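# Summary of the model geometry
Letter by letter, the chains look like this.
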Amino acid sequence: MKRFLAGFGWAVALLLVGCDGVSPVAAPDEQTLLTPEELVLEGAPASQLALVVEGTPLKLGGALDTAFVGNFSKPSGAYAVSELPPGFSQDFRAIGWERDARHFVALGLNDQLLMAMDIREKITGAELGRRVQAIESANGDPTVELESASTSVQVWEGSGERLVVVKVAHPTDEKAEPRYSFTVALGRPRVMTQMGMSV
């Protein structure tokens, strides 16, 4: 079973694989608004974990607008995204873009980067392997790994930060090359939990 988290102007599969007996990702909390005061109690992130895409590392703690650097930059022809996800007060700010089979979004407070998410749809197994290897090379072994028939989830827990990787195999014709969805997100634990990215 899949659970879809909408709210940025696109739908992101955050995946509850209950039919396989595995529930790697919790349901997002859309009823309770997250407030800035809750993040103050959580403390600052250590900025040790990194979201890595094509050699460009992105870490928490910097300015929100620095999310648009390197391979996270908005490409020509991409649609801008600025809608907040459900469960976040208007104190927060979302920036991002979507183009074809790729989506990128960042969430901030007082212009400080709190969360970033990169999504790829229908990638090959070879590309999936390269992206996972880049994440693991930068962050070491995950804290938690969960798998079902079609879904794999890896979670890294750091001091004041959480990195989540979700891989989903798409059903294809037997003669067709397998395709996958790949989502990687880095954020403050309270923000990630609010969006349903916790185990």
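Just so you know, the residues in each chain are numbered from 1, in the order the chain's sequence is written. Confidence filtering applies because this is a predicted model: local features only for residues at pLDDT of at least 70, side-chain atom pairs given and counted only at 80 or more, and all residues used for totals across whole chains, interfaces and linings. Excluding hydrogens and water, the side-chain values take into account all heavy atoms of the structure.

### Quick notes on the sheet that holds strand S11 (residues 161–170)
Between any two strands, pairing holds if DSSP finds at least two bridges. Here a strand is any run of E in DSSP of at least two residues, a helix any run of H or I of at least four, and the numbering for each starts at the N terminus. Taken together, the 8 strands give an open sheet; going across it, the order is S5-S6-S7-S8-S12-S11-S10-S9, and neighbouring strands pair in antiparallel fashion. Looking at strand neighbours, the two that pair on one side only are strand S5 (79–81) and strand S9 (144–147), the edges of this open sheet. When strand polarity is set aside, the average angle formed by the axes of neighbouring strands in this sheet is 10°. Note: strand S6 (residues 92–99) against strand S7 (residues 102–109), 8 bridges, orientation antiparallel. The partner of isoleucine 95 across the bridge, within S7, is alanine 106. The contact rule is simple, with two residues in contact once any of their heavy atoms fall within 4.5 Å. As a rule, the C-alpha atoms of each element are fitted with a line to give its axis, helices using only the stretch in contact, and angles between N-to-C directions run from 0 to 180 degrees. Against the sheet, helix H2 (residues 125–139) contacts strand S8 (112–124), strand S10 (151–158), S11 and strand S12 (179–187), and its axis sits at roughly 150° relative to S8.

### Examining the environment of leucine 34
Tracing the sequence through the fold places leucine 34 in the loop between strand S2 (12–13) and helix H1 (36–42). Overall, the relative accessible area of 0% leaves leucine 34 in the buried class. Each C-alpha atom of the pair leucine 34 and aspartate 91 lies 9.4 Å from the other, and the pair is 57 residues apart in sequence. Ignoring anything within four residues of it in the chain, the contact list for leucine 34 reads Gly87, Phe88, Ser89, Phe92, Arg190, Val191 and Gln194. Buried residues are those whose accessible area, probed at 1.4 Å on protein chains only, stays under 20% of the maximum for their type, while exposed residues exceed 50% and partly exposed ones sit between those limits.

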